[in-house]
Amino acid sequence: MADETRESVNGMIQNKSNVWMHDEDIKLLEKVEEHLGNVSEEKNLYIKDIVWSEVRLDGRDETEVHKRWNTLTSKIRKMRTANEILEDAKKKVADQKKTRKRKRDDRDPSLPKMPLTAYLLFCEQKRPRLAQKYGNKEVMGKLAKKWSKLSDEKKEKYKEMYRESRQKYEHDIVQYYIDHYPNETPPKSAFDLWSLDKAAEIKKSRPDISEKKLRKKLKRYWEQLEEKEQWEKKAKKEVVKFIRAMKRKG
């Protein structure tokens, strides 16, 4: 249950207190500007002069609003008036939107997309019917409640769908990187990892064995091997490591 709750935090129906949309950031800055104008138009005001209980947004309390302001202004020079800091915050938020759009525009359409989690697959299936009766905020809450009450047996259907999609995604994205970055070394398969040790073992007893015969022996031994799970797990780690390394390269 805890794992699935964490999935929702990373998904599309995160708790609103943790997720601020771009439009909300804009509204927050507008509210701060309005508040500063109401307090005084004659003297310079500083951050300490802002009364956060008066900077209100629908669905956000004083603590959330203040915390978000601190986040938006975290890398902005502070030893200035509140209005000067506000202007820099506006520019920062505007630049963030441009950067996000530029990243989306630059994305290769052939790059495989991450699969939806079990929870999001459930939401995708149930959302249309709920959306006919409720607003977006209510729909999100009802989806979360329905998922939390769903039995483990019924959740397993969505988990299995996710595992299958994830396996296909990993295969497709590795192939994508191999095709687009031919100089990169692809991740080793379970057979590759196993054969490194096994080949050394065979060569120790048969130092004169040819590469052709060695490959045949390895293939035959692998087909007969029953305990492949540990090598498949190691191969899985190789794939994850490879994907992360390629994503860092952009």
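Residues numbered from 1 in each chain as written. Predicted model: local features only at pLDDT ≥ 70, side-chain atom pairs only at ≥ 80, totals over all residues. Heavy atoms only, no water.

Considering the overall build of the chain
Line of reasoning, step 1. Looking only at helices and strands, the chain features 10 helices and 0 strands.
Line of reasoning, step 2. Counting from the amino terminus, helix and strand elements in the chain follow one another as α-α-α-α-α-α-α-α-α-α.
Line of reasoning, step 3. Buried positions account for 31% of the 250 residues belonging to the chain.
Line of reasoning, step 4. Pairs at least 24 residues apart make up 66% of the contacts formed inside the chain by residues separated by at least 6 positions.
Line of reasoning, step 5. Within the structure as shown, the chain displays about 18100 Å² of accessible surface, and the carbon and sulfur contribution to it stands at 49%. (Helix = DSSP H or I, 4+ residues; strand = E, 2+ residues; numbered from the N terminus. Buried < 20%, exposed > 50% of the residue type's maximum accessible area, 1.4 Å probe, protein only. Contact = heavy atoms within 4.5 Å. Areas by Shrake-Rupley, 256 points an atom, 1.4 Å probe, with all protein chains shown as cover.)

Details of the nonpolar core
Line of reasoning, step 1. The biggest cluster of nonpolar side chains holds 19 residues, and the ones touching the most others in it are Leu28, Leu29, Val32, Leu36, Trp52, Val55 and Trp69.
Line of reasoning, step 2. Examining the composition of this core, we find that 5 residues originate from one element, helix 4 (residues 82-106), more than from any other.
Line of reasoning, step 3. Apart from residues lying up to four places away in sequence, Leu36 is in contact with Leu45, Ile50, Ala82, Asn83 and Leu86. (Core = buried A, V, L, I, M, F, W, Y, C linked by side-chain atoms within 4.5 Å.)

Observations regarding the pattern of salt bridges
Line of reasoning, step 1. Under the defined criterion, the tally for this structure stands at 10 salt bridges.
Line of reasoning, step 2. With its nearest N and O atoms 3.0 Å apart, the salt bridge here joins Arg166 to Glu170. A residue pair is termed a helical-turn pair when its members lie 3 or 4 positions apart in one helix, as Arg166 and Glu170 do in helix 7 (residues 152-180) at 4 residues.
Line of reasoning, step 3. For Lys233, the salt bridge goes to Glu229, with nearest N and O atoms at 3.6 Å. Pair noted here: Lys233 and Glu229 are both in helix 10 (residues 229-248), with a separation of 4 residues, about one helical turn.
Line of reasoning, step 4. A cluster of three or more residues bridged by salt bridges with shared partners is formed by Glu156, Glu160 and Arg163. (Salt bridge = Lys/Arg side-chain N within 4 Å of Asp/Glu carboxyl O.)

What about helix 10?
Line of reasoning, step 1. With 20 residues, helix 10 should reach 28 Å at 1.5 Å per residue; the first-to-last C-alpha distance of 29 Å fits that figure.
Line of reasoning, step 2. Among the residues of helix 10, those classed as buried are Trp231, Ala235, Val239, Phe242, Ile243 and Met246. Buried residues in helix 10, looked at end-on, bunch into an arc of 115°, giving them a common side. Residues of helix 10 that are exposed and angled more than 90 degrees away from the buried face: Glu229, Lys237, Lys241, Arg244 and Arg248. (Expected span 1.5 Å × (residues − 1). Arc of directions from axis to C-beta.)

Looking at the environment of Glu64
Line of reasoning, step 1. Mapped onto the elements of the fold, Glu64 is located in helix 3 (residues 62-72).
Line of reasoning, step 2. Between the alpha carbons of Glu64 and Trp20 there is a distance of 9.9 Å; along the sequence they are 44 residues apart.

Considering the packing of helix 8 (residues 190-205) against helix 10
Line of reasoning, step 1. Relative to each other, helix 8 and helix 10 sit at 115°, their axes nearing to 8 Å. Remark: the crossing between helix 8 and helix 10 carries right-handed chirality. Together, Ala190, Leu193, Trp194 and Asp197 of helix 8 and Trp231, Glu232, Lys234, Ala235 and Glu238 of helix 10 make up the contact between the two elements.
Line of reasoning, step 2. Of the residues that constitute the contact of helix 8 with helix 10, the class distribution is 5 nonpolar, no polar and 4 charged. (Axes fitted to C-alpha atoms, helices over the stretch in contact; angles between N-to-C directions. Left-handed = near helix turned anticlockwise from the far one by under 90°. Nonpolar A, V, L, I, M, F, W, Y, C, P; charged D, E, K, R; others polar.)

Here we look at the side chain of Glu170
Line of reasoning, step 1. Glu170 gets classed as buried once you look at its relative accessible area, which sits at 7%.
Line of reasoning, step 2. Among the polar contacts made by the side chain of Glu170, one reaches the side chain of Lys236 at a distance of 2.8 Å.
Line of reasoning, step 3. Setting aside anything within four residues of it in sequence, one finds Glu170 in contact with Lys236, Val239, Val240 and Ile243. (Polar contact = N/O pair within 3.5 Å; in protein donor to acceptor, adjacent residues only side chain to side chain.)

Comments concerning the packing of aromatic side chains
Line of reasoning, step 1. Taken as a whole and judged by the stated rule, the model has 11 aromatic pairs.
Line of reasoning, step 2. A ring pair is formed by Trp52 and Trp69, whose centres lie 5.8 Å apart and whose planes are at 50°; its orientation type is tilted. Within this pair, whereas Trp52 is found in the loop between helix 2 (22-39) and helix 3, its partner Trp69 is found in helix 3, the two being separated by 17 residues in sequence. Per residue, the accessibility class of Trp52 equals that of Trp69, and both read buried.
Line of reasoning, step 3. Seen from their ring centres, Tyr176 and Tyr177 are 5.5 Å apart, and the 75° between their planes marks the pair as edge-to-face.
Line of reasoning, step 4. Note that Lys142 overlies the ring of Tyr134, its terminal NZ or CZ placed 4.6 Å from the centroid.
Line of reasoning, step 5. Directly above the ring of Trp231 sits Lys234, whose terminal nitrogen or CZ lies 4.4 Å from the centroid. (Phe/Tyr/Trp six-rings, centres within 6.5 Å; stacked < 30°, edge-to-face > 60°. Lys NZ or Arg CZ within 6 Å of the ring centre and 35° of its normal.)

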